[in-house]
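Remarks on the overall topology
Residues per chain are reported as follows:
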Amino acid sequence: MRILWRLYGYSARLLKTKLFRTAASNTSFPEVWLLLVQYFERVPGFFWVVQRNSFFTMPEILENKADIELYTPHPEVRGMTTLDRAAFKRTIIVPVLKVKKEVINKLLKSLKHTTLQRPGLKRVIDDPKDEDRRLVLLDPHKISAEYSLGESEQEILKQFSIDPQVSKYNLELTYDHFKTEEILRAVLPEGQDVTSGFTRIGHIAHLNLRDHQLPYKHLIGQVIIDKNPGITCSVNKINIIDNTYRNFQMEVLAGEANMITKTRENYITYEFDFSKVYWNSRLSTEHGRIIELLKPGDVLFDVFAGVGPFAIPAAKKKCSVFANDLNPESYKWLLHNCKLNKVDKKIKKFNMDGRDFLLGPVKEELTKELSLLTKERKNTLHIVMNLPALAIEFLDVFKHFLDGKPCSTDLLPTVHCYSFSKHDNPAKDVQERAEAFLETSLEGRCSTHLVRNVAPNKEMMCISFRIPAEVLFKKQCTQEESSVEPASKRLRPNEDSPEEK
């Protein structure tokens, strides 16, 4: 015991000078005990006797409220690139209550905010010394330094006639008990960002790893699969979306290499080959926002439809839908998803270049729709152009797009055009670029919506506007202009008429 106290004095000074640099009065026994535990864990056999009887009583408690290391895996996993689950095993010290088994369920409801909550960890375990009692594991962060419960918790224990004595228990944590972020933070070099987030598409976890994480990519992929039920494949994007068909190359990090997946968005099911089409689950809210603007009977032209996240819910809402995509794979899965969701007969599908789609089916249908317009007509026309990298460049198609007499502004088609922007004022930037292609001002005639932040200093925007009549319709000459003959066919002032010759 004397040796331990000498070590305590030495460790306290070490804590003071090298770790916390605080006054000696701020150095507590629990903090030093942590240091001693970490030290003696490395000494073979030191805790052998303790581990044989892992439950014992101690009047002091480790002060864990500021101890972020409590749930950290074994330090030897640092730098691991091939997952070794056994290496994450570690023993920590937690407070426990000894409770009669017949009152366990009622007690847990009352102490639910105080019990230990860890993935895959039971809150109640057998008492090795008393078969009529159970040990209730408590969260060390919720227990005071005096190793006692708060007044409210003690009152609860009194109601159940439970001894408020809190004891200490050696708890073995394994890989299964650690969270994804805790595992990755322990493995990656200290100070580096830990990415535990991903986009889920059915059974696929889609990650965007940074360069410093690439040496650990296969381990990260496997951890994501292990810690997320239903995920059986993890992939990493290895290039940006820069091809004609808007899909990107990806690498399977772990699990099965099955890219055909099924997912649900806004109560609608979609199936597709994730490696060959474009799908972004983060656009779910935006898809819903546009659909909310539509009413039954409205007409929707989806220029870059993909596998149908705008077109299919619009058809479900009893709109008339024209959907197009240039990618043959997207078109194939668009047809499949229309049948899957029983809207096959409600959507006209096209596999064309976006510009050709606008100049062909869209122009034809708009001409037909606008010729039938009356003041009593209540349905509206919408054109969705979701190709943020290029869509804004297609707006010049609408210049003098239609023949005929301009109609009422309220009946003009509304365009929802998406674009990326790295400008300090992305709304202004997108509006100015749209105006440049339309060759008209949209001031006071458009709205811009921030869809999402794509990357630092890069926003995805949606600009919505009714196509101005002076842009959409070809200029019509006045009746006076049409009655005047061309100069080449008019007589010159000094020229005799044929009859006078």
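The chain has the name tRNA (guanine(37)-N1)-methyltransferase in an unreviewed UniProt entry, where Gopherus evgoodei is given as its organism. Comment text from UniProt for the chain, heading Catalytic activity (unreviewed entry), reads "guanosine(37) in tRNA + S-adenosyl-L-methionine = N(1)-methylguanosine(37) in tRNA + S-adenosyl-L-homocysteine + H(+)". Note on the chain: under the UniProt heading Subunit (unreviewed entry), the record states "Monomer."

1. Considerations on helix H11 (residues 354-371)
Residues that lie three or four places apart on an α-helix share one face, since the helix turns once every 3.6 residues. Between the first and last C-alpha of H11 there are 24 Å, a value that for 18 residues agrees with the 26 Å anticipated at 1.5 Å per step. Listed in full, the buried residues belonging to H11 are Gly354, Phe357, Leu358, Pro361, Val362, Glu365, Leu366, Glu369 and Leu370.

2. A short note on helix H10 (residues 328-340)
End to end, H10 covers 18 Å across 13 residues, agreeing with the expected 18 Å (1.5 Å per residue, within 8%). All of the buried residues along H10 are Ser330, Trp333, Leu334, Asn337 and Cys338. Each buried residue of H10 lies within a common arc of 145° when the element is viewed along its axis, so the set occupies one face. Buried-residue contacts for H10 involve strand E10 (260-265), strand E11 (268-273), helix H9 (311-316), strand E13 (320-324) and strand E14 (347-350).

3. Some points on the pairing of strand E8 (residues 233-237)
With four of its five residues buried, E8 lies for the most part within the structure. Relative to E8, strand E7 (residues 204-207) is paired through four bridges, and the arrangement is parallel. For Ile204, the partnering residue across the bridge sits in E8 and is Cys233. In this view, the connection linking E7 to its parallel neighbour E8 by way of helix H7 (residues 217-227) has right-handed handedness. The pairing of E8 with strand E9 (residues 250-255) spans five bridges and is antiparallel. Counterpart to Ser234 in the pairing with E9 is Ala254.

4. Here we look at the sheet that holds strand E18 (residues 458-466)
With respect to topology, seven strands assemble into an open sheet ordered E14-E13-E12-E15-E16-E18-E17, the strand pairing being mixed. Pairing within the sheet leaves two strands with one partner each, and these edge strands are E14 and strand E17 (446-455). Averaged over all neighbouring strand pairs, the angle between strand axes comes to 15°, with direction disregarded. The pairing of strand E12 (residues 299-302) with E13 spans four bridges and is classified as parallel. Counted as the bridge partner of Phe301 is Phe322 from E13. Taken strand by strand, H10 contacts E13 and E14, and its axis lies near 165° from that of E14. The sheet strands contacting helix H12 (residues 426-438) are strand E16 (414-421), E17 and E18, and the helix crosses E18 at an angle near 50°.

5. Overview of the environment of Arg185
As for its position among the elements, Arg185 is in helix H6 (residues 180-187). Arg185 sits in the partly exposed class, given a relative accessible area of 45%. In the structure, Arg185 is positioned ten residues away from Thr195 in sequence and 9.0 Å away in space, judged by C-alpha atoms. With residues up to four places along the chain from it excluded, the contact list for Arg185 reads Arg78 and Val194.

6. Considerations on a positive patch on the surface
Residues Lys316, Lys318, Lys342 and Lys346 make up a contiguous surface patch of positive charge. Within the element layout of this structure, Lys342 appears in the loop between H10 and E14. According to the relative accessible area criterion, Lys342 is exposed, its value standing at 73%.

7. Here we look at unusual backbone geometry
Most of the time, phi is negative for any residue but glycine, and the peptide bond is trans. Phi is positive for Glu439, which is not a glycine, with a value near 60°. Among the structural elements, Glu439 can be located in the loop between H12 and E17. Backbone geometry places Asn457, a non-glycine residue, at a positive phi of 65°. Within the secondary structure, Asn457 sits in the loop between E17 and E18.

8. Examining the nonpolar core
Where a protein is soluble and globular, its nonpolar side chains tend to be buried together. Judged by nonpolar contacts, the single largest core of 40 residues is most densely connected at Leu358, Ile383, Met385, Leu395, Phe398 and Val415. Among the secondary structure elements, those contributing two or more residues to this core are E12, H11, strand E15 (381-385), E16, H12, E18 and helix H13 (469-472). When residues in this core are grouped by element, the largest group, five residues, is from H11. Those residues within four positions of Leu395 in sequence are excluded, and the remaining contacts are Met385, Val415, Cys417, Ala434, Phe437, Leu438 and Phe465. Listed in part, the 38 residues of the second largest apolar core include Ile291, Ala311, Val321 and Cys338.

9. Notes on the sheet that holds E8
Pairing within the open sheet is mixed, and its four strands lie in the order E6-E7-E8-E9. On the outer flanks of this sheet lie strand E6 (199-201) and E9, each paired with one strand and no other. Put simply, the sheet's adjacent strands are angled 30° from each other on average, direction ignored. Its contacts with the sheet place H7 against E7, E8 and E9, and it is angled at close to 60° to E9.

10. Observations concerning the packing of aromatic side chains
The tally for this structure, following the rule as stated, stands at eight aromatic pairs. Note that Lys363 overlies the ring of Phe401, its terminal NZ or CZ placed 6.0 Å from the centroid.

11. Some thoughts on the UniProt feature "binding site: S-adenosyl-L-methionine" (unreviewed entry) in the chain
In this structure's numbering, the residues bearing the UniProt feature "binding site: S-adenosyl-L-methionine" (unreviewed entry) are His287, Asp325, Leu326, Asp353, Gly354 and Asn386. Note that Gly354 resides in helix H11. Apart from residues no more than four positions distant in its own chain, Gly354 is found in contact with Val303, Phe304, Asn324 and Phe394. You can see Asn386 is positioned in the loop between E15 and E16. When its relative accessible area of 7% is taken as the criterion, Asn386 is described as buried.

How each quantity is defined
- Residues numbered from 1 in each chain as written.
- Predicted model: local features only at pLDDT ≥ 70, side-chain atom pairs only at ≥ 80, totals over all residues.
- Heavy atoms only, no water.
- UniProt positions renumbered as here; feature names shortened; annotations may be inferred.
- Helix = DSSP H or I, 4+ residues; strand = E, 2+ residues; numbered from the N terminus.
- Expected span 1.5 Å × (residues − 1).
- Buried < 20%, exposed > 50% of the residue type's maximum accessible area, 1.4 Å probe, protein only.
- Arc of directions from axis to C-beta.
- Contact = heavy atoms within 4.5 Å.
- Pairing = 2+ DSSP bridges.
- Right-handed = clockwise from strand over helix to strand, strands pointing away.
- Axes fitted to C-alpha atoms, helices over the stretch in contact; angles between N-to-C directions.
- Patch = residues over 30% accessible without salt bridge, like charges linked within 9 Å, V, L, I, M, F, W, Y side chains within 5 Å.
- Areas by Shrake-Rupley, 256 points an atom, 1.4 Å probe, with all protein chains shown as cover.
- Salt bridge = Lys/Arg side-chain N within 4 Å of Asp/Glu carboxyl O.
- Lys, Arg positive; Asp, Glu negative; His and termini not counted.
- Charge placed at Lys NZ, Arg CZ, Asp CG, Glu CD.
- Core = buried A, V, L, I, M, F, W, Y, C linked by side-chain atoms within 4.5 Å.
- Phe/Tyr/Trp six-rings, centres within 6.5 Å; stacked < 30°, edge-to-face > 60°.
- Lys NZ or Arg CZ within 6 Å of the ring centre and 35° of its normal.

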